[in-house]
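In case you want the letters, here they are:
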Amino acid sequence: MQYRKLGRTGLQVSVLGFGAMRLPVLDNDTKKIDEKLAEKMILYAIDKGVNYIDTAYPYHGGESERFLGRLLKGGLREKVLLATKLPCWSINDSTDFDKYFTEQLEKLQTDYFDCYLLHALDKESWKKICDLGVLEWCEKKKAAGKIKFLGFSFHDQYSVFKQIVDAYDNWDFCQIQYNYMDTNYQAGKRGFEYASRKGLGVIIMEPLRGGQLAEDPPAEIADLWKNFSSARSYADGALQWLWNQPDVSIVLSGMSNMQHVKENIASAETAQPNILTSKELDLYKKVRREYIKRSPIRCTGCKYCEPCPQKVAISSILGVFMMNAMYDDLKRSRTVYNKFIQADARADKCIECGECESKCPQNIKIIKWLKEAHQKFYVEDEV
Ligand SMILES: NC(=O)c1ccc[n+]([C@@H]2O[C@H](COP(=O)([O-])OP(=O)(O)OC[C@H]3O[C@@H](n4cnc5c(N)ncnc54)[C@H](OP(=O)(O)O)[C@@H]3O)[C@@H](O)[C@H]2O)c1
């Protein structure tokens, strides 16, 4: 296993981290972790040198933390760096900080967390928890030795990311979605570089876009991949693009079977910074361009179109539309549309007032695409 520094924490972390959000399950039920298999996978990974495990309050309906608590208590706890996250969306009162934290310590059967993150920050949740005194609360937990290192994970635009990084001098690390496709999405490459410059360790989530970059791509993209000098699987290619960047500390992978674990550990063992040739780096750019060409719209997620007077989640819906066009992934697109976009913010609530179109710098025919999105993705059974 290769190890890198996590920012200025002094920690040496394995370049591959185990994400406990997509553990194998039984009966297709996310709450029923296949504990025997998951245990085998995690023990194998630890044996091969993986020393960072990432979980969170809601993963597997709360069962990820419980399962890890049972697994780690028999002597493994000290061998790994354990990370979990405060469910910021559930915090409504300053007493909630302690309520969730105490419950998490109990579930994970530990006295402290090596790494604790404020989960999935965006503009609204950041303001809310700041007003409730989250940083002061975290500092007290750090002083008491309950949190060794503090960070946050992030889902919003770059400007919000920068604001959060700048708001506090003592962040130890951050966790961002970043992969060869998402260089200009959420924190993106700019955010990655900004956080690194400020001394934060950077942990990567969704390195394979939740699996989309590991699947067989359309023919024109598969042809491009054949030009790589070394034979790589699509998953390996995506992971190496990240590890090629020296400031990437940990790439978290949500491995859901033993084959993923073995393959990704084998990839991590060959990982080195700056080993990709300029020809190879150029190939990733060509692959990205081909994916983008597949989408009939080029929404950059600037959100100038929002707020919609009807509260339609315009940029999120256009994002789902683009994801489906680019990765041919109707199943996941439908899940995102029906499960993650609230009923009162879906595209069928559009009354065609056109306010959004007048503000869109890309001149996207938003009304037309919203209609198409709803027709394509809305499935009553999934709601
Ligand atoms: N803090 C946050 O807001 C947040 C958000 C997202 C994720 N995370 C954390 O980050 C971790 C990583 O994100 P992620 O789970 O989305 O990672 P990911 O690596 O982008 O996606 C994981 C999926 O990729 C596929 N996969 C993995 N290795 C593969 C291989 N060798 N060959 C083929 N397919 C492979 C599997 O999909 P299939 O099972 O479909 O084959 C797997 O479920 C999560 O587990 C979680 O711990 C945090």
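Position numbers for residues start from 1 in each chain and track the written sequence from start to end. In view of the model being predicted, local features appear only for residues whose pLDDT reaches at least 70, and side-chain atom pairs are presented and counted only at 80 or more, with totals across whole chains, interfaces and linings using the full set of residues. Only hydrogens and water are set aside; all other atoms, that is, all heavy atoms of the structure, feed into the side-chain values.

For the domain arrangement of the protein chain, give the residues involved together with the corresponding values.
Domain parsing of the protein chain yields domain 1 (3-284) and domain 2 (314-382). Using only C-alpha atoms to locate each centre, domain 1 and domain 2 end up separated by 28 Å. Defined in terms of a 1.4 Å probe, buried area is the accessible area two parts forfeit on being brought together, summed over both. Taking both sides of the interface into account, the surface hidden between domain 1 and domain 2 amounts to around 520 Å²; carbon and sulfur atoms contribute 44%. Note on definitions: salt bridges are taken to be side-chain nitrogens of Lys or Arg within 4 Å of carboxyl oxygens of Asp or Glu. In this assembly, domain 1 and domain 2 are joined by one salt bridge. In this structure, the salt-bridge partner of arginine 332 is glutamate 215, at a minimum N-O distance of 3.9 Å. How far each domain reaches was decided by an automatic or database domain assignment.

Go over the site of the ligand with me, naming the residues and quoting the values.
Near, as used in this document, describes a residue that has one of its heavy atoms within 4 Å of the molecule or strand being considered. Around the ligand, 27 residues are found, and the nearest of them are Arg22, Asp54, His155, Leu208 and Ser256. Measuring from a nitrogen atom of the ligand, one finds a side-chain N or O atom of histidine 260 at 3.4 Å. Taken together, the elements giving at least two residues each to the shell around the ligand come down to strand 10 (248-253) and helix 10 (258-269). Strands are runs of DSSP state E lasting at least 2 residues, helices are runs of H or I lasting at least 4, and numbering of each runs from the N terminus. Per element, the largest residue contribution to the shell around the ligand is three residues, and it comes from helix 10. Of the residues in the shell around the ligand, the class split is nine nonpolar, 12 polar and six charged. Polar contacts here mean pairs of N or O atoms no more than 3.5 Å apart (in protein, one a potential hydrogen donor and the other a potential acceptor; neighbouring residues in sequence count only if both atoms are side-chain atoms). Residues were grouped as follows: Ala, Val, Leu, Ile, Met, Phe, Trp, Tyr, Cys and Pro as nonpolar; Asp, Glu, Lys and Arg as charged; and all remaining residues, including Gly, as polar.

Got a sec to walk through the environment of serine 316? Specific residues and values, please.
With respect to the helices and strands, the residue serine 316 is situated in helix 12 (residues 314-327). A C-alpha to C-alpha distance of 28 Å links serine 316 and glycine 17, two positions 299 residues apart in sequence. Throughout, a contact is declared for two residues whenever any of their heavy atoms are within 4.5 Å. Not counting residues within four places of it along the chain, the set of residues in contact with serine 316 comprises Glu306 and Ile341.

Tell me what's going on with the pairing of strand 10, and back it up with residues and numbers.
Only protein chains enter the area calculation, which uses a 1.4 Å probe; residues under 20% of their type maximum are buried, those over 50% are exposed, and those in between are partly exposed. Judged by how many residues are buried, strand 10 sits mostly within the fold: six of six residues are covered. One ladder, built from three bridges, connects strand 3 (residues 16-19) with strand 10; its direction is parallel. Each residue of the ladder has a partner; that of leucine 16, found in strand 10, is valine 251. Bridge count between strand 9 (residues 201-205) and strand 10: three bridges; the pairing is parallel. Looking at strand 10, one finds that isoleucine 204 is bridged to valine 251. Whether two strands pair depends on DSSP finding at least two bridges between them.

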